[in-house]
Amino acid sequence: MTSTINVNLPQQSYEIAIAPASLDQLGQSMANLKLGQKVVLVSNPSIFKHYGERAIASLQSAGFNVASYCLPAGERYKTLNSIQKLYDVALENRLERSSTMVALGGGVIGDMTGFAAATWLRGINVVQVPTTLLAMVDSAIGGKTGVNHPNGKNLIGAFHQPRLVLIDPEVLKTLPVREFRAGMAEVIKYGVIWDEELFTQMEASKHLNQLRYMKPELLNEILTRSCQAKADVVGKDEKEGGLRAILNYGHTIGHAIESLTGYRLVNHGEAVAIGMVAAGQIAVNLGMWQQAETDRQNAIIQKAGLPTKLPAGVDIAAIIDALQLDKKVKAGKVRFVLPTQIGVVTVTDQVPADVIQQVLQGMQ
């Protein structure tokens, strides 16, 4: 079950390569791209323990000169302070414009490595080797890189496309269950915003909350269809001038919840799940889609073991205030991605604050 998906962009197209055991082909895959000899592999200690030596061996066997660096695991370390450490490693290893940073890890490692690569020497190569479901289907693709500001998620960043995204589904075997479920939130998002067939397949599946209960055929469909959806949208709108904003479905309220809970209480996927429940109900209250459809969405979210209620103690007024810091705010108005049918969404800034408040109160 191998597949290659092309991300077609005006300046630098690249491939998403999905194949079992492809981690051992990392070096050869990068050598085929004629990248410079110097590589810094960035990971976190737990991922490195499982896969670091294999990745380094593959790179060295293809003739690359490899240094490695581990950043602490967790969203709360996604800061400029961590980026400074990567700059120090880049300087120490005399990285050049032709050099490459390789991100071996989940979304946090991918975002930070990408941002360090985007800004070192005004831009060097980055290769994404995602090890979580969330990173495989979403954050590793599309070139969004960055770090968090104390008052908001991903406010500091740059668009910097990878040269390659290498996905080895076998690495998911060591992914904690909670992280697998977090990735499923992004998969469900694609079903709602873009791919009705994917939504239907998830609806028909008995289990979505653990990899070991999932049929290999469904996992393959999830990876290929999600990556294809992301590639399609990014290919049409690389820098989020319009269409790409739909990828933020569930993220508007989701990011506010993450920020208000200090990136410790809920993970990104859990926050997005809560945000999708809220967005679905807002769409119902505005007469944009049917209650039966939001119930179908919420049933899949629950089947994936994800939350559908607000975390205890989160202040609704604080969520509404935090929405003003969202990156999608335009002319002071918060823009929401709202569904009109399964597989179709629209972006609107015509969402009254009292509707948001009413929906969030119903989710306590």
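Residues numbered from 1 in each chain as written. Predicted model: local features only at pLDDT ≥ 70, side-chain atom pairs only at ≥ 80, totals over all residues. Heavy atoms only, no water.

(A) Here's a closer look at the overall build of the protein chain. In terms of helices and strands, the protein chain carries 13 helices and eleven strands. Over its C-alpha trace the protein chain gives a radius of gyration of 20 Å, about what one expects of a compact globule, namely 21 Å for 364 residues. Considering only C-alpha atoms, the protein chain reaches an extent of 60 × 40 × 40 Å along its principal axes. When the 364 residues of the protein chain are sorted by exposure, 57% land in the buried category. The long-range fraction of contacts in the protein chain, counting pairs at least 24 apart against all pairs at least 6 apart in sequence, stands at 76%. (Helix = DSSP H or I, 4+ residues; strand = E, 2+ residues; numbered from the N terminus. Rg over C-alpha atoms; globule rule 2.2 N^0.38 Å. Buried < 20%, exposed > 50% of the residue type's maximum accessible area, 1.4 Å probe, protein only. Contact = heavy atoms within 4.5 Å.)

(B) Spotlight on the side chain of Thr132. Position of Thr132 among the secondary structure elements: in the loop between strand E6 (125-130) and helix H5 (133-139). There is a polar contact of 3.1 Å between the side chain of Thr132 and the backbone nitrogen of Ala135. (Polar contact = N/O pair within 3.5 Å; in protein donor to acceptor, adjacent residues only side chain to side chain.)

(C) Inspection of the sheet that holds strand E2 (residues 14-18) at higher detail. Reading across from one edge, E1-E2-E9-E6-E5-E3-E4 is the order of the seven strands in this open sheet, with mixed pairing throughout. A strand with exactly one partner marks an edge of an open sheet, and here the two such strands are strand E1 (3-7) and strand E4 (65-70). Each strand axis lies, on average, 20° off the axis of its neighbour in the sheet, ignoring direction. When strand E3 (residues 38-43) meets strand E5 (residues 100-105), the two strands line up parallel, connected through four bridges. Within E5, the position partnered with Val39 by the bridge is Thr100. Here helix H3 (residues 80-92) sits on the sheet and contacts E3, E4 and E5; the angle it forms with E4, its principal contact strand, is near 160°. (Pairing = 2+ DSSP bridges. Axes fitted to C-alpha atoms, helices over the stretch in contact; angles between N-to-C directions.)

(D) Local environment of the pattern of salt bridges. In total, this model carries 14 salt bridges according to the counting rule given. Residue Lys78 pairs with Asp111 through a salt bridge whose shortest N-O separation is 2.7 Å. Of this pair, Lys78 sits in the loop between E4 and H3 while Asp111 sits in helix H4 (residues 107-119); the two residues are 33 residues apart in sequence, bridging distant segments of the chain. Across the pair, Asp111 and Lys78 agree in class, each one buried. Here the salt bridges share partners, and the residues they tie into one network are Glu75, Lys78, Asp111, Lys153 and Glu258. (Salt bridge = Lys/Arg side-chain N within 4 Å of Asp/Glu carboxyl O.)

(E) Representation of the packing of aromatic side chains in the model. Under the criterion given, the structure shown has one aromatic pair. Judged by centre distance (5.7 Å) and plane angle (25°), the rings of Tyr87 and Trp120 are stacked. Of the two residues, Tyr87 sits in helix H3 while Trp120 sits in the loop between H4 and E6, which places them 33 residues apart along the sequence. No difference in accessibility class separates Tyr87 from Trp120, as the two residues are buried. Positioned above the aromatic ring of Tyr190, the side-chain terminus of Lys189 is 4.8 Å from the ring centre. (Phe/Tyr/Trp six-rings, centres within 6.5 Å; stacked < 30°, edge-to-face > 60°. Lys NZ or Arg CZ within 6 Å of the ring centre and 35° of its normal.)

(F) Quick look at the domain arrangement of the protein chain. In terms of domains, the protein chain is made up of domain 1 (3-174) and domain 2 (178-363). Placing a centre on the C-alpha atoms of domain 1 and another on those of domain 2 gives a separation of 25 Å. Taken residue by residue, the interface counts 34 residues in domain 1 and 34 residues in domain 2. Buried surface at the junction of domain 1 and domain 2, both sides included, amounts to about 2,900 Å², of which 67% is carbon and sulfur. Taken as a group, Leu133, Val137 and Lys153 account for 22% of the area that domain 1 buries against domain 2, more than any other trio of residues on that side. Seen at the junction of domain 1 and domain 2, the total is four salt bridges. The residue Lys153 makes a salt bridge to Glu258 at a minimum N-O spacing of 3.3 Å. (Domains from an automatic or database assignment. Buried area = accessible area lost by both parts, 1.4 Å probe.)

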